[in-house]
Amino acid sequence: MNFNKRIVLFLATGFYSGRIPFAPGTFGSAVALPLCFMLSLVNSWVAAGITLAVIFFSIRIAGLAEKMLNTNDPGCIVIDEIAGMMVALLGLPFNPFSAVAGFVIFRFFDILKPFPIRVLDQRLSGGAGIVLDDVLAGVFANLVLRTAFYCYYLIWWLVQHFDREVAEKLKIEKQPENESLQKKKSGLRENVEAIVVA
């Protein structure tokens, strides 16, 4: 095997993570996490451009590797999982929660392949057939994560707003009590002063 073929297989197998005999897709997806972290450090448009370039590159590499291995969508090719994970976390804050949640949700869609992911997987062949179903799984995972983040921030805003209203209400309710207490203290002071003068 010449050098060029070794490079293609090295990239297609996710730096040989796809050679792991069990759950190669899971390990391939994990390889993508450092790349996702680096993408989170740049502008969203730049990250989107890089991700798009990786998708096209992955299609080419996966297609070449499939021909070399002479097997239809071999399990050791995991560059598709790397591209899918990059899509799953694209434009989202990278933190332990998003990384773990994105990983689990992406693997869920990638393994079960609900409609229309399965249709795409069955109708396309070559590099496109290997990669694009994972990219669509990444899109689904990204949408689920965005919805989860939106719901979290909405609940946080509602709780903060409610707490502010309760605080204002308690402040208003305490104000008459404070005024009444001040009047009692003032009256008591006047009585004491009267007794002292007498």
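Given the structure is predicted, the values throughout are model-derived calculations rather than measurements.

What counts, and at which threshold
Numbers given for residues are sequential positions, taken from 1 along each chain in its written order. For a predicted model such as this one, the threshold for reporting local features is a pLDDT of at least 70, and the threshold for listing and counting side-chain atom pairs is 80 or more; totals across whole chains, interfaces and linings nevertheless cover every residue. Water and hydrogen atoms play no part in the side-chain values, which are based on all heavy atoms of the structure. Comment: elements are numbered from the N terminus, with helices defined as DSSP H or I runs of at least four residues and strands as E runs of at least two. Only protein chains enter the accessibility calculation, which uses a 1.4 Å probe. A residue is then buried if its area is under 20% of the maximum for its type, exposed if over 50%, and partly exposed in between. By the convention used here, residues are in contact when the closest approach between their heavy atoms is within 4.5 Å. Throughout, the Shrake-Rupley method with a 1.4 Å probe supplies accessible areas, and for residues the shown protein chains are the sole cover considered. Working definition: a ring pair exists when centres of Phe, Tyr or Trp rings (six-membered ring for Trp) sit within 6.5 Å. Plane angles under 30 degrees give stacked, over 60 give edge-to-face, the rest tilted.

Caption draft 1: Focus on the overall build of the protein chain. Helix and strand content of the protein chain: 7 helices and 0 strands. In the protein chain, the succession of helices and strands from N to C terminus is α-α-α-α-α-α-α. Taking all 198 residues of the protein chain together, 32% fall into the buried category. Excluding contacts between residues fewer than 6 apart, the proportion of contacts in the protein chain whose partners are at least 24 apart in sequence is 72%. Taken as a whole, the protein chain presents about 12600 Å² of accessible surface, with 68% of it coming from carbon and sulfur.

Caption draft 2: Geometry of the environment of proline 116. Among the structural elements, proline 116 can be located in the loop between α5 (96-112) and α6 (117-123). For the pair proline 116 and alanine 137, spaced 21 residues apart in sequence, the C-alpha to C-alpha distance is 9.4 Å. In this view, proline 116 contacts Leu136 and Phe140; residues no more than four positions away in its chain are not counted.

Caption draft 3: Inspection of the packing of aromatic side chains at higher detail. Enumeration over the complete set of coordinates arrives at 9 aromatic pairs. Summarising the aromatic geometry, the rings of phenylalanine 10 and tyrosine 16 are spaced 5.2 Å apart at their centres and angled 75° between planes, so their arrangement reads as edge-to-face. An aromatic cluster of three or more residues is present, and its members are Phe97, Phe149, Tyr152 and Tyr153.

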